[in-house]
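Fold and geometry: a report
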Amino acid sequence: MAPRKLAAGNWKMNGDLAALAEIDSLCGTHGNASCDILICPPAVLIHAMKERVGDHAIAIGGQDCHAKPSGAHTGDISAAQLKDAGASHVILGHSERRADHGETDADVAQKASAAFDAGLVAVICVGETEAERDAGQTLDVIGRQLSGSVPQAAHAGNCVIAYEPVWAIGTGRTPTNDQIAEVHAFMRNKLAAAVADAADISLLYGGSVKPANASEIFSIAHVDGALVGGASLKASDFGAIISAL
Ligand code: PEP
């Protein structure tokens with residue numbers, strides 16, 4: 001088996017019911033694409049988006065979940081609740097959650113375990129800050145985040161890893177092809193030490209992916225797809241990225 005190709009969209013805190021028209025458009029043009037497609041809208045849109053997608057091959061995901069299955073956690077959402085609403089995936093450890101909510105690697109690992117227990121695929125994000133890259137610490141940071149955030153129960157069927165340099169998210173800046181290749185090869189090797197089928201885990205690149213640079217990024221070894229923020233909001237842009245994969 002080879003890693004599955006995946007184009008994943010992260011709508012972040014954007015979109016409303018009217019924005020689901022973008023999904024209709026995506027279903028019309030890419031509902032039977034040769035790669036896997038995932039859209040992660042705000043949690044309040046998951047159920048409606050799932051209904052809109054119907055039988056088209058587009059998966060829906062959450063952007064976070066709580067580590068506990070239920071209980072007194074006001075404002076939080078469990079993995080099982082995401083699943084019940086129609087999600088099959090959940091993004092975990094996004095740098096915005098790590099920065100804005102103080103999420104640690106241990107938090108991310110606990111959430112990923114909860115996602116596995118609920119039958120969700122965890123899309124676990126890792127990535128260095130610009131200061132860490134400038135200090136030559138990129139591979140140390142990625143290695144530490146992988147060790148701390150990816151539970152032992154991870155395998156190619158329940159886990160996707162997204163390399164998202166923090167400085168490339170929403171900035172229009174991207175690493176060089178060599179920099180992406182170095183990190184992705186490192187991640188593949190690092191995972192192989194811990195996970196039996198690491199060769200089959202999909203490794204996504206994320207950070208300012210757009211129609212103009214998608215083909216080039218997808219040609220890099222061990223890049224099996226993309227996690228896309230801004231360019232996933234418009235079906236025309238996201239569709240062009242899907243076509244490039
Ligand atoms: C992201 O937030 O996961 C992301 C990759 O954002 P953007 O594509 O907008 O850089």
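Residues numbered from 1 in each chain as written. Predicted model: local features only at pLDDT ≥ 70, side-chain atom pairs only at ≥ 80, totals over all residues.

1. Some remarks on unusual backbone geometry
Residues other than glycine predominantly adopt negative phi, and peptide bonds predominantly adopt the trans conformation. The test is simple: Helical segments are the DSSP runs of H or I of at least four residues, strand segments are the runs of E of at least two, and each set is numbered from the N terminus. To sort residues by exposure, count the other C-beta atoms lying within 10 Å of each residue's C-beta; 20 or more gives buried, 12 or fewer gives exposed, and values between give partly exposed, all with C-beta atoms placed from the backbone.
In this model, S208 sits at a positive phi of 60°, which is unusual for a non-glycine residue. Relative to the helices and strands, S208 is located in the loop between β7 (203-206) and α9 (211-218). Looking at S208, the number of C-beta atoms within 10 Å reads 22, which means it is buried. For H222, which is not glycine, the phi torsion reads 70° and is therefore positive. As for its placement among the helices and strands, H222 is situated in the loop between α9 and β8 (225-228).

2. Considerations on the site of the ligand
So the rule is basically this: Contact assignment follows one rule, namely that a residue is near a molecule or strand if its backbone-placed C-beta atom lies within 6 Å of it. Throughout, the ten residues Ala, Val, Leu, Ile, Met, Phe, Trp, Tyr, Cys and Pro are labelled nonpolar, Asp, Glu, Lys and Arg are labelled charged, and all others, Gly among them, are labelled polar.
Neighbouring the ligand are 13 residues, the closest being I169, G170, G206, G229 and G230. Grouping the constituent residues of the shell around the ligand by class yields five nonpolar, seven polar and one charged.

3. A closer look at the sheet that holds β8
This is how it is decided: Strands are labelled as partners when DSSP assigns at least two bridges between them. Angles here are taken between N-to-C directions and fall from 0 to 180 degrees, while the axes themselves are lines fitted to C-alpha atoms, restricted in helices to the stretch in contact. C-beta atoms are first placed from the backbone for all residues, and any pair lying within 7 Å is then listed as a contact.
Pairing is parallel in the closed barrel, where eight strands are placed in the order β1-β2-β3-β4-β5-β6-β7-β8. Here the average twist between neighbouring strands, direction ignored, is 25°. Direction of pairing for strand β5 (residues 121-126) relative to strand β6 (residues 159-163): parallel, over a ladder of five bridges. Following the sheet pairing, V123 is matched in β6 by V160. Together, β2 (36-40) and β3 (59-62) form the strand contacts of helix α2 (residues 46-53), whose direction differs from that of β3 by roughly 175°.

4. Structural notes on the packing of helix α5 (residues 105-118) against helix α7 (residues 138-149)
Two quantities define a packed helix pair, namely the angle between the axes and the distance from one axis to the other. Quick note on the threshold: Put simply, angles under 35 degrees are roughly parallel, angles over 145 are roughly antiparallel, angles from 65 to 115 are roughly perpendicular, and the rest are oblique.
At a closest axis distance of 7 Å, the pairing of α5 and α7 adopts a crossing angle of 40°. Between α5 and α7, the angle is such that the two are oblique. Contact with α5, carried on its side by D105, A106, V108, A109 and A112, involves Q145, G148 and S149 of α7 and no other residues of that element. A per-class count over the contact of α5 with α7 returns four nonpolar, three polar and one charged.

5. Some thoughts on the pairing of β2
Formally: A right-handed crossover is one whose linking path, passing over the helix from the first strand to the second, runs clockwise when the strands point away from the viewer.
Buried residues dominate β2, accounting for five of its five residues. In β2, alternate side chains face the same way, and those of D36, L38 and C40 on one face and I37 and I39 on the other are all buried. The pairing of strand β1 (residues 6-10) with β2 spans five bridges and is classified as parallel. In the sheet register, N10 faces β2, and the bridge partner there is C40. Of the crossover connections in this fold, the one passing from β1 over helix α1 (residues 21-30) to the parallel β2 is right-handed.

6. Quick look at the UniProt feature "active site" (unreviewed entry) in the protein
Rules: UniProt positions are given in the numbering used here, feature names are shortened, and annotations may be inferred rather than shown by experiment.
In this structure's numbering, the residues bearing the UniProt feature "active site" (unreviewed entry) are H94 and E164. Look at the named residues: they lie 71 residues apart in sequence, but the longest C-alpha span between them is just 8.3 Å, so in the fold they bunch up. Of the residues examined, H94 has 27 C-beta atoms within 10 Å and is grouped as buried. The contact partners of H94, leaving out residues within four places of it in the chain, are Q63 and C125. You can see E164 is positioned in the loop between β6 and α8 (177-192). The exposure class assigned to E164 is buried, which follows from the 26 C-beta atoms found within 10 Å.

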